[in-house]
Amino acid sequence: MPAPLHFMTIADLAKGIAARTVSPVELTKALIARVAALDGMTHAFIEVTADLALAQAKKAEAEVMAGISRGPLHGVPVGLKDIIDLKGVRTTAHSHQLIDNWATDDAFVTQKLKAAGAVILGKLATHEFAMGGPSFDLPFPPARNPWNLAHFTGGSSSGSGAAVAAGYVPAALGTDTGGSIRLPAAFCGIVGMKPTYGLVSRRGVLPLSQSLDHIGPMTWTVEDNALLMKVLAGHDRLDPASADVPAPDFRSGLDGDVSGLKIALPRHFFAQAEGVSPEVLAAIDNAASLLAKAGAIVEEVTIPDYELFNAVGRVIMFSEAFAIHEKDYRERPLDFGRLAFTRMILGATLSAADLTQAYRLRRELAVAVNHQLLKQYDAILCASALARAARFDSMSDAFPPNWPIQTMPFNVTGNPAMSMPAGFSASGLPLSVQIVGRPFDEPTVLRVGASLEKALALTGLRPSTATLRQAA
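Bringing the overall build of the protein chain into the picture now. Scanning the protein chain from N- to C-terminus turns up 15 helices and 11 strands. For 472 residues, the compact-globule estimate of 2.2 N^0.38 gives 23 Å, and the C-alpha radius of gyration of the protein chain, at 21 Å, lies within 12% of that figure. Its C-alpha atoms give the protein chain principal-axis dimensions of roughly 60 × 55 × 45 Å. Counting the 472 residues in the protein chain, one finds 61% classified as buried. If you take every contact in the protein chain between residues at least 6 apart in sequence, the share linking residues at least 24 apart comes to 79%. Carbon together with sulfur atoms contributes 54% to the accessible area of the protein chain, which is approximately 17400 Å² in total. In the protein chain, 41 side chains carry a positive charge and 44 a negative one; their mean positions are 3 Å apart.

Here we take up the nonpolar core. Residues Leu-113, Leu-381 and Leu-452 are the most contacted members of the largest nonpolar core, which totals 143 residues. Judged by nonpolar contacts, the second largest core, of 11 residues, contains Phe-152, Ala-390, Phe-392 and Ile-405.

Let us now look at helix H10 (residues 306-331). One turn of an α-helix holds 3.6 residues; hence residues three or four places apart share an orientation. With 26 residues, H10 extends 37 Å from end C-alpha to end C-alpha; this agrees with the ideal 38 Å at 1.5 Å per step. Of all the bends in H10, the largest measures some 60 degrees and sits at His-325. Capping the start of H10 is the job of one residue whose side-chain oxygen sits 2.8 Å from the backbone nitrogen of Glu-307: Asp-305.

On to the packing of helix H4 (residues 108-115) against helix H7 (residues 222-232). Closest axis-to-axis distance for the H4/H7 pair is 9 Å, and the angle between their directions is 110 degrees. Viewed along their axes, H4 and H7 adopt a mutual orientation that is roughly perpendicular. Together, Val-109, Lys-112 and Leu-113 of H4 and Leu-228, Val-231 and Leu-232 of H7 make up the contact between the two elements. Counted by class, the contact of H4 with H7 contains 5 nonpolar, no polar and 1 charged residues.

Right, let's get into the side chain of Ser-384. Among the structural elements, Ser-384 can be located in the loop between strand E9 (379-382) and helix H13 (409-413). Under the relative-accessibility criterion, Ser-384 is labelled buried at 1%. Polar contacts involving the side chain of Ser-384 include one to the side chain of Ser-419, which spans 3.1 Å. Those residues within four positions of Ser-384 in sequence are excluded, and the remaining contacts are Ala-186, Ile-405, Gln-406, Thr-407, Ser-419, Ser-432, Val-433 and Gln-434.

Okay, unusual backbone geometry next. For the bond from Gly-155 to Ser-156, the omega torsion is 10 degrees, close enough to zero to count as cis. For Ser-156, the position within the fold is in the loop between strand E3 (119-124) and helix H5 (158-165). Of note in the backbone geometry, Arg-20 takes a positive phi value of approximately 65 degrees without being a glycine. Tracing the sequence through the fold places Arg-20 in the loop between helix H1 (10-18) and helix H2 (24-42).

Time to look at the pairing of E3. A regular strand places its side chains so that they alternate between the two faces of the sheet. Burial of E3 is extensive: 6 of the 6 residues sit out of reach of the surface. Bridging between strand E1 (residues 45-48) and E3 involves 3 bridges; their strand directions are antiparallel. Across the sheet, the residue bridging to Val-48 is Gly-122, located in E3. Sheet topology note: the strand E2 (residues 77-81)/E3 ladder contains 5 bridges and is parallel. Bridging across to E3, Lys-81 finds its partner in Leu-124.

Tracing the chain through its elements places Asn-411 in helix H13. Residue classification places Asn-411 among the buried residues on the basis of a relative accessible area of 0%. Ignoring anything within four residues of it in the chain, the contact list for Asn-411 reads Asp-176, Thr-177, Gly-178, Gly-179, Arg-182, Lys-194, Leu-212, His-214 and Arg-362.

Summed over the entire model, instances satisfying the criterion amount to 15 salt bridges. Put simply, Arg-182 and Asp-176 hold a salt bridge, and the shortest N to O gap is 2.9 Å. According to the relative accessible area criterion, Asp-176 is buried, its value standing at 0%. One salt bridge connects Glu-364 with Arg-360, and the closest N-O pair in it is separated by 2.7 Å. One end of the pair is Glu-364 and the other is Arg-360, both in helix H12 (residues 352-373) and 4 residues apart, which spans about a single turn.

Moving on: the sheet that holds strand E7 (residues 262-265). An order of E1-E3-E2-E4-E6-E5-E10-E11-E9-E7-E8 is seen for the 11 strands of this open sheet, with the pairing classed as mixed. The sheet is open, and its two edges are formed by E1 and strand E8 (297-300), each paired on a single side. When the angles between neighbouring strand axes are averaged without regard to direction, this sheet yields 25 degrees. Summarising the sheet, strand E10 (residues 417-424) and strand E11 (residues 430-437) pair through 7 bridges and their orientation is antiparallel. Considered in E11, the bridge of Met-420 is made with Val-433. Along the sheet face, H2 touches E1, E2 and E3 and points at about 20 degrees away from the line of E3. The strands touched by helix H3 (residues 50-65) within the sheet are E1 and E3, with E3 carrying the most contacts at an inclination of about 160 degrees.

Moving on: helix H9 (residues 278-293). Here H9 is 16 residues long and its end C-alpha atoms lie 22 Å apart, about the 22 Å a rise of 1.5 Å per residue gives. For H9, the complete set of buried residues consists of Val-280, Leu-281, Ala-283, Ile-284, Ala-287, Ala-288, Leu-290 and Leu-291. Measuring from the side-chain oxygen of the N-cap residue of H9 to the backbone nitrogen of Glu-279 gives 3.0 Å; that N-cap residue is Ser-277. Immediately downstream of H9, the backbone of Gly-295 shows phi near 110 degrees, a positive value.

Our focus in this paragraph is the packing of H2 against H3. The geometry of H2 relative to H3 is characterised by a closest axis approach of 8 Å and an angle of 160 degrees between their N-to-C directions. Taken together, the axes of H2 and H3 lie roughly antiparallel to each other. With respect to the hand of their crossing, H2 and H3 are arranged in right-handed fashion. Two secondary-structure elements touch here, H2 through Pro-24, Val-25, Thr-28, Lys-29 and Ile-32 and H3 through Ala-50, Ala-53, Leu-54, Ala-57, Lys-58, Ala-60 and Glu-61. Looking at side-chain class alone, the contact of H2 with H3 contains 8 nonpolar, 1 polar and 3 charged residues.

Conventions adopted
- Residues numbered from 1 in each chain as written.
- Predicted model: local features only at pLDDT ≥ 70, side-chain atom pairs only at ≥ 80, totals over all residues.
- Heavy atoms only, no water.
- Helix = DSSP H or I, 4+ residues; strand = E, 2+ residues; numbered from the N terminus.
- Rg over C-alpha atoms; globule rule 2.2 N^0.38 Å.
- Buried < 20%, exposed > 50% of the residue type's maximum accessible area, 1.4 Å probe, protein only.
- Contact = heavy atoms within 4.5 Å.
- Areas by Shrake-Rupley, 256 points an atom, 1.4 Å probe, with all protein chains shown as cover.
- Lys, Arg positive; Asp, Glu negative; His and termini not counted.
- Charge placed at Lys NZ, Arg CZ, Asp CG, Glu CD.
- Core = buried A, V, L, I, M, F, W, Y, C linked by side-chain atoms within 4.5 Å.
- Expected span 1.5 Å × (residues − 1).
- Bend = angle between axes of the 7 residues up to and from the residue.
- Polar contact = N/O pair within 3.5 Å; in protein donor to acceptor, adjacent residues only side chain to side chain.
- Axes fitted to C-alpha atoms, helices over the stretch in contact; angles between N-to-C directions.
- Parallel < 35°, antiparallel > 145°, perpendicular 65-115°, else oblique.
- Nonpolar A, V, L, I, M, F, W, Y, C, P; charged D, E, K, R; others polar.
- Pairing = 2+ DSSP bridges.
- Salt bridge = Lys/Arg side-chain N within 4 Å of Asp/Glu carboxyl O.
- Left-handed = near helix turned anticlockwise from the far one by under 90°.

Written out as structure tokens, the structure is:
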């Protein structure tokens, strides 16, 4: 039985639109109606750009009928995390500070989506300035997990994770400074890619930490992730961090053939970590076993301690974030939410010596990953989230949550890293695994992911719409 429109993949929608069996206009109307019916409980959207989306859908449909094809995103709705500019629409960063901040131009990635014929359905919830959350003292409520509304979606691309999982859009863009694509992907049971640093331009996206920020896609499937990466990747001469390298063929490994690939499994990294769930350990071990059965060579390895990566990333992130927001800390401190204020203020306590040492150690850790480990192995298999999503009522209102995650290392090193579903907890919440590759070798990450996705056969499992309607 074919999936309903709201749970169709980009690949299937593209085939239907090309064959004229799926109407971009009817698809867009159906998704707008679904958001109107259900998002009062999930809070994924900050703003639905219905008029813009319908105009774009009508244009796409007219082009398709005239024999014009812009590629697989032509006529397909997507959502934008609300730190990514969309011309004529507010970019609020989920904050009172920017409640009236109207974008005067599109972000570079928004331009690329529009050029590909995508339909922009709206702006999605985040943590305040992609850092402070989930917080209830902000102008919009935090997003909730479609698998169980009592649970968190992960952050900071919280609305992006919820919107894809709930079937509001087949894809959304998120940003990742310490795990903010991969954590909501893990908690919401979807695929989230943090590309190689510099592969996707950040121009027109509110920064959190310029040397750690990444933009990437969040989708239901590995194939859909590859389709988005093909659109997003590319040099931007106006972004100083943009890499002037040819974009790889992201679909080259989607057959999932991992025969002969060498995969490193740093099991010590996560097996002994504080907060690790036995269910997550079992899911990662199962993933390793499935890859070995598919012909990969999986070997346990050791890498530097996680806390070294985490300390380096936190020092850099807090220092750079405070530098960006220092003026508002001095002039408008009460317009921050409690959690963002509490986290970013730590940057004021760090010295130039602290930051210099962090940059020095960052280089050493990148050498350990890229010139020692990934010279011998094609990819790394490890944890993204160490446990299932937490309940909202288990979180303190006064202190930033300390999530049991292991995503920061690959923001520090800049390697491509993807979180994808690996199973479900006994309570029915998604579990995940993380795949890491060499710089600019996203195709191998996607190859390993495609092999796992096929073996696990989880992509047909979606949150229950009936549960959401009952809750609503």
